[in-house]
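Descriptive analysis of the structure
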Amino acid sequence: MIARSPHRTDTEVAFRTRGVTKVYQMGEVQVHALRGIDLELYKGEFVVLLGPSGSGKSTLLNILGGLDVPTSGTVNYEDHDLSTFREAVLTRYRREHVGFVFQFYNLIPSLTARENVALVTEIATNPMPPDEALALVNLSDRLDHFPAQLSGGEQQRVAIARAIAKRPDVLLCDEPTGALDISTGIVVLEALARVNRDLGTTTAVITHNVAIAGMADRVIRLSDGRIADIEINSSRQSPAELSW
Amino acid sequence: MRALHHKLWRDLWQLRGQSLAITAVLASGVACYLMFMSTLDSLLLSRDLYYSENRFAEIFVPIKRAPESVARRLRMIDGVDKVDTRVMAPLTIDIEGFREPVVGTVTSIPDHGEPLLNRLYLRAGRSIEQGHNDEIIISEAFAKAHAMNPGDRLGVIINGKRKQLRIVGTGGSPEFIHQLRPGGMFPDYERYGILWMGRTALANAYDMEGAFNYAVLTLTRDADEQGVIDRIDDILKPYGGIGAFAREYQPSHQFLAQELDQLENLSGLFPIIFLGVAAFLLHTVVTRLVSTQREQIAALKAFGYSNVSVSAHYLQLIMLIVLAGIVLGIAAGAWLGTLLSAIYVEYFRLPFLRFELHPLRIAQASVITIITGLLGTLAAVRAIARLKPAEAMRPVAPARYHTTLIEELGFQRLLSTPTRMILRNLGHKPVKSLMSILGIALAVGMLMTGRFQENTINYMMDVHYGLSQREDLAVGFSEATSRRALTELESLRGVDYGEPVRNVPARLRYQHREYRVYISAFEPGAIIKRLVDSDLNIVELPGDGIVLNDYLAREILHIESGQPLTVEILEGSMPIRQIPVTALIRQDLGVGAYMDLDALNRLIGDGDVISGAYLYIDEKYADEIYRHLKERPRVVGSVIRTQEIENFHRTMDESMLFWTFVATLFAVVIAVGVVYNSARITLTERSRELASLRVLGYTRGEISYILLGELALLTLVAMPPGLWFGRALCGYIASSIGNEMYRVPLVLEPATYAFAALVVLVASAVSALLVRRRLDALDLIEVLKTKD
Ligand SMILES: Nc1ncnc2c1ncn2[C@@H]1O[C@H](COP(=O)(O)OP(=O)(O)O)[C@@H](O)[C@H]1O
Ligand SMILES: [Mg+2]
């Protein structure tokens, strides 16, 4: 049990989206990835996004992370307008506020674990030392290993360390355990939970795995580009308690 | 297989930029080869055609004077086919409105009909007519230089007698393709004219009635050339024969042959560079293609496509690129070939050009290029064959990287993480990095060759005319003359100072080698004419003994300083002596032998005489001096130094410019080809990493640094070896084009290094920018969705 209030409606809003749609033009066909999303995410909360494949989870996360822009509607992070098309603005937003974790770890193979983290700390304003970030994910003994010398779970934890080292305000994870086995997945989720708890980072995690929903403050279900349902967990489970 | 076909075209379209770059490099190789070969073939063909149509003689026999009846005895010699006799005479030409002295050589042609050998071609007008003793034909080049046409009149002095002649035609003969005045270094069509005149008229003017002073002949099929020459010399000894010689020593022919040899020497060098670069580029591109498509390949194999059919698919792709290169190369080669041939035709003054791009050459180029293509793709095809379907379906494990040597030497802390990425990426594929560096270095080197000629020629001219041959005006007399002639010249208004010189023809022999030159004799302590050694120090003339230039000594006679040389003077009493070689001097132009004037005069024993003079003059009085010289019957030649330098530039500038242009063009193709390909491959290899960095918040500029920094580093690292290689390449060219007319010292001005470096840097920057544009369009989400 994590003794924190799941109810966050009283606290500050981090993200606010209004009428967000995303339409992909595929030749003759229009693909409606998002069909009008109105959503608030609160500071410090841990959100899990669930939904069938193709329901628009990644699209939404990418828009929240400033990797993509909506076709219509508005997206705000605090006072940043994320519906802008200005590349430089989005880059700055990513650089200053966001940490990403992906299914495929996207580490730089030519850099050691420490250097992969340093990549971010070198351009951040108030980073933690790379060693400290790696310690947070229990990788203090793998600092000078290259990705090729690390297991999948270790690589994903390096990716998390890299995402959190700049003390981001938000941490966005797209199926972080998708390529991992159960026990490794738990280690990775524990790292995420710990960062959320210790640093108060607003965290959104996409998953296929319904069990993971138990560790969230809120569970948002998407279906066909719409929010189907938002569920508030009265209590958060720790990853080890989850039943896969 | 239809589906594979679609894939072929799609892949090609995907790789269009790189394919185009490789095609360009291949095409450059083919074009370069065909340009040289078609020029060489066309020149040889045109020359040979000209020779045979105009019956160019094979043996040349200058003598003092022999009665016409002697010709019969020459005809009787075993191995002699045809004999033609004629009269040749030096003359001075007076051209209205042209202030400087003009000299020439007039050769007789039959009063009626064509000569048996060395026939003329007529460019304009007609041949001479019997009974019209004042009719002449002049060389086309001379006519052009002075805008003279048939119908114009020309005043000449032959044998001291003034004559008014009428030009009836212009043309040339294979004997005078290259027209060099005796003592001149380069053709000068304004101040040296070749003329033809009826035999009777010329014999009258030159006191040669019933006699001849030059015979030319051809040989039968299996004649013993040296045997014939020896027989001729025996027969003509009493008539002042100074030695018959074979066509290979005929000045015009010799010049052409040497130039063509050099062209041939160089023709192989550059195509090899191109093909090497192309093979490397193909290798990298195809290897990368196969590795990005390993899953597709595996799938194809799993569906039952054989190794052969999958490999054939990739080979087809390569062959399309190769074929495009060949086709483009043939077109470009033919075009450049016509340009270069035209330059050479002008340079050689060949009367016509039969341009030929022989199918055999095209076949050679194609085969070599196809082999290059095959070599370049061998490794990739082998990789396809080795790929097991099951293995290929699994993602590749992250590549193993290592810290680089530079970091381990303790510089790591100075390097930012992106910089470390650059270093490790380069170190990760050392062979590829080295090959890229090599390719860029080749481009740098090739660029240097474009400017090398100009540098070295400037230097040669500076040394030759600045240190050694410093006269304002060189005057030659028709025969050995008393020293009074010099005093008379010095007394002319405007002549500041004069030095005597005596040039005599001689045959030099050492062991079994011999060579004919003019021995040039002057006084020790001379300040106009000086000899310099290889360090450009002045070498003093020895009291007795002979000084040779290093090319004559080392390359022709194989004699060293201190050894005795057999000198056979071909003038006067024709003495033969052993004379020690006392020093070797450096001389980039010509082949020379030098003696003390008194020592030479003692040797010949015809008194204290000179054959010419070197003068310093005051430019203000030049016109007056030239007028004087024109009126002196014994003055047969005068060379103005500045004019000689100009002649040289006129001769060389066009070909230098052309080569600079071609070399620069080709080098840019190589530089862009290498850098662009390297950039594109790096981009595909790194796009995932770079996209990750963008996601992490790196700006476009910051990730460009990683990609372009890699290219910049490769380019910069390639500079020193490139400049070194350029020097070596120029050294090779210098060593392979030395001949009797000139040797090429290895001289490269700093500007040439800078030029080569700059052009490659710009070419790299442009290629980098082309790729940078793609970097800006990097699709972040797409890249992150896929695994490697
Ligand atoms: N770049 C794209 N181009 C076209 N269609 C896309 C693109 N990205 C996503 N889509 C489509 O948008 C819909 C939502 O995709 P996504 O957000 O990736 O779903 P999820 O992450 O929930 O599986 C899908 O139908 C998908 O095919
Ligand atoms: Mg998704």
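Thresholds, definitions, all that
- Residues numbered from 1 in each chain as written.
- Chains lettered and ligands numbered in written order.
- Predicted model: local features only at pLDDT ≥ 70, side-chain atom pairs only at ≥ 80, totals over all residues.
- Heavy atoms only, no water.
- Helix = DSSP H or I, 4+ residues; strand = E, 2+ residues; numbered from the N terminus.
- Rg over C-alpha atoms; globule rule 2.2 N^0.38 Å.
- Areas by Shrake-Rupley, 256 points an atom, 1.4 Å probe, with all protein chains shown as cover.
- Lys, Arg positive; Asp, Glu negative; His and termini not counted.
- Charge placed at Lys NZ, Arg CZ, Asp CG, Glu CD.
- Pairing = 2+ DSSP bridges.
- Axes fitted to C-alpha atoms, helices over the stretch in contact; angles between N-to-C directions.
- Left-handed = near helix turned anticlockwise from the far one by under 90°.
- Contact = heavy atoms within 4.5 Å.
- Nonpolar A, V, L, I, M, F, W, Y, C, P; charged D, E, K, R; others polar.
- Buried < 20%, exposed > 50% of the residue type's maximum accessible area, 1.4 Å probe, protein only.
- Near = heavy atom within 4 Å.
- Phe/Tyr/Trp six-rings, centres within 6.5 Å; stacked < 30°, edge-to-face > 60°.
- Lys NZ or Arg CZ within 6 Å of the ring centre and 35° of its normal.
- Domains from an automatic or database assignment.
- Buried area = accessible area lost by both parts, 1.4 Å probe.
- Salt bridge = Lys/Arg side-chain N within 4 Å of Asp/Glu carboxyl O.
- Polar contact = N/O pair within 3.5 Å; in protein donor to acceptor, adjacent residues only side chain to side chain.
- Patch = residues over 30% accessible without salt bridge, like charges linked within 9 Å, V, L, I, M, F, W, Y side chains within 5 Å.
- UniProt positions renumbered as here; feature names shortened; annotations may be inferred.

1. Some words on the overall build of chain A
For chain A, the count of helices and strands is 6 helices and 10 strands. Since a compact globule built from 244 residues should have a radius of gyration of about 18 Å, the 17 Å found for chain A is in line with a globular shape. The C-alpha extent of chain A, read off along each of the three principal axes, is 50 × 40 × 35 Å. Counting every atom, chain A has about 9,600 Å² of accessible surface; 48% of that belongs to carbon and sulfur. Across chain A, the centroid of the 24 positively charged side chains sits 2 Å from that of the 30 negatively charged ones.

2. Focus on the sheet that holds strand β4 (residues 72-77) of chain A
Residues and elements named next belong to chain A. Taking strand neighbours across the sheet as the criterion, the 4 strands line up as β2-β1-β4-β5 in an open arrangement whose pairing is antiparallel. Each having just a single partner strand, β2 (29-42) and β5 (80-81) make up the two edges of the open sheet. Bridge analysis of strand β1 (residues 13-26) against β2 gives 11 bridges, and the strand direction is antiparallel. Each residue of the ladder has a partner; that of Thr21, found in β2, is Arg35.

3. Points about the packing of helix α8 (residues 269-292) of chain B against helix α10 (residues 307-348) of chain B
What describes two packed helices is the angle between their axes and the distance between those same axes. Residue and element names in this part refer to chain B. Direction vectors running N to C along α8 and α10 enclose 145°, while the axes themselves pass 12 Å from each other. Of the two possible hands of crossing, α8 and α10 adopt the one that is right-handed. Contacts between α8 and α10 pair Leu282, Val286, Leu289 and Val290 from the former with Tyr314, Leu317, Ile318, Ile321 and Val322 from the latter. In the contact of α8 with α10, the residues fall into 9 nonpolar, no polar and no charged.

4. Re the side chain of Ser139 of chain B
All names here are of chain B. Note on placement: Ser139 falls in strand β6 (residues 135-139). Overall, Ser139 belongs to the buried group, its relative accessible area being 0%. Setting aside residues no more than four positions away along its own chain, Ser139 makes contact with Gly171, Gln179, Ile194 and Trp196.

5. Comments concerning the site of ligand 1
Residues in close proximity to ligand 1 total 13 residues, the closest being Gly54, Gly56, Lys57, Ser58 and Thr59 of chain A. Surrounding ligand 1 are residues belonging to chains A and B, so the site spans chains. Protein coverage of the free-state accessible area of ligand 1, which is 550 Å², stands at 72%. With 3 residues, the single largest contributor to the shell around ligand 1 is helix α1 (residues 57-64) of chain A.

6. Digging into the packing of aromatic side chains
All names here are of chain B. Summed over the entire model, instances satisfying the criterion amount to 19 aromatic pairs over all chains. Ring geometry for Tyr50 and Tyr121: centres 5.8 Å apart, planes at 75°, overall edge-to-face. Residue Tyr50 is located in helix α2 (residues 16-53), and its partner Tyr121 is located in strand β5 (residues 121-125); the two are separated by 71 residues in the primary sequence. For the pair Tyr50 and Tyr121, one class covers both residues: buried. A network of ring pairs unites the aromatic residues Tyr51, Phe56, Phe60 and Phe245 as a single cluster. The aromatic ring of Trp13 is capped on one face by Arg16, whose charged end is 4.1 Å from the ring centroid. Taking the ring centre of Tyr214 as reference, the NZ or CZ of Arg86 above it sits at 4.7 Å.

7. Observations concerning the domain arrangement of chain B
All names here are of chain B. Under the domain assignment, chain B is made up of domain 1 (56-254), domain 2 (429-468 + 647-788) and domain 3 (469-646). Here the C-alpha centroids of domain 2 and domain 3 sit 47 Å apart. Counting residues at the interface gives 20 residues for domain 2 and 22 residues for domain 3. When the two sides are added together, the surface that domain 2 and domain 3 hide from each other amounts to roughly 2,100 Å², 50% of it contributed by carbon and sulfur.

8. Some points on the packing of helix α9 (residues 294-302) of chain B against α10 of chain B
All names here are of chain B. Interhelical geometry of α9 versus α10 gives an angle of 145° and a closest axis separation of 9 Å. For the crossing formed where α9 meets α10, the hand is right-handed. For the pair α9 and α10, contact is made by Ile297, Leu300 and Lys301 and by Asn307, Val310 and Tyr314, respectively. Tallied by class, the residues present in the contact of α9 with α10 amount to 4 nonpolar, 1 polar and 1 charged.

9. Remarks on the interface of chain B and chain A
On the side of chain A, 29 residues touch chain B, which itself brings 33 residues to the contact. Interface of chain B and chain A: buried area, both sides summed, is about 2,700 Å²; carbon and sulfur atoms make up 61% of it. Ranking the residues of chain B by area buried against chain A places Thr417, Leu696 and Ile781 of chain B at the top, with a combined share of 23%. A salt bridge links Arg694 of chain B to Glu87 of chain A; the nearest nitrogen and oxygen atoms lie 2.5 Å apart. Here chain B is connected to chain A by 12 residue pairs in polar contact (both at pLDDT 80 or more). Listing elements by their share of the side of chain B that touches chain A, those giving two or more residues are α14 (417-428), α20 (641-695), α21 (700-736) and α23 (780-785) of chain B. In terms of residue class, the side of chain B that touches chain A is built from 12 nonpolar, 10 polar and 11 charged.

10. What to know about the environment of Leu629 of chain B
Looking at where Leu629 of chain B falls in the secondary structure, it is placed in helix α19 (residues 622-631). Along the sequence, Leu629 of chain B and Val310 of chain B sit 319 residues apart, while their C-alpha atoms lie 83 Å from each other.

11. Quick look at a negative patch on the surface
Taken together, the side chains of Asp224, Glu225, Asp230, Asp234 and Glu248 of chain B define an acidic patch exposed on the protein surface. Take Asp234 of chain B: it is sitting in helix α6 (residues 225-236).

12. A look at the UniProt feature "domain: ABC3 transporter permease C-terminal" (unreviewed entry) in chain B
Under the UniProt annotation, the feature "domain: ABC3 transporter permease C-terminal" (unreviewed entry) is placed at residues 269-389 and 662-774 of chain B. Span residues 269-389 of chain B is 86% helix and 0% strand, its end C-alpha atoms 44 Å apart.

13. Observations concerning the sheet that holds strand β3 (residues 46-50) of chain A
Residues and elements named next belong to chain A. One open sheet accounts for 6 strands, arranged β6-β7-β8-β3-β9-β10; its pairing is mixed. Edge positions in the sheet fall to β6 (98-101) and β10 (226-232), since each has one partner strand and no second. Each strand axis lies, on average, 15° off the axis of its neighbour in the sheet, ignoring direction. Pairing between strand β7 (residues 170-174) and strand β8 (residues 202-206): 5 bridges, direction parallel. In the sheet register, Leu172 faces β8, and the bridge partner there is Ala204.

14. Here's the deal with the UniProt feature "transmembrane region" (unreviewed entry) in chain B
The residues that UniProt annotates with the feature "transmembrane region" (unreviewed entry) are residues 20-40, 268-291, 312-345, 365-385, 434-452, 656-676, 697-719 and 751-771 of chain B. Its end C-alpha atoms 35 Å apart, residues 268-291 of chain B is made of 96% helix and 0% strand.

15. Some thoughts on the pattern of salt bridges
All names here are of chain B. Taken as a whole and judged by the stated rule, the model has 53 salt bridges over all chains. A salt bridge links Lys82 to Asp81, with the nearest nitrogen and oxygen atoms 3.7 Å apart. Accessibility expressed as a relative area gives 31% for Lys82, which makes it partly exposed. Within this structure, Arg288, Lys429, Lys432, Glu685, Arg686 and Glu710 form a network of salt bridges that share partners.

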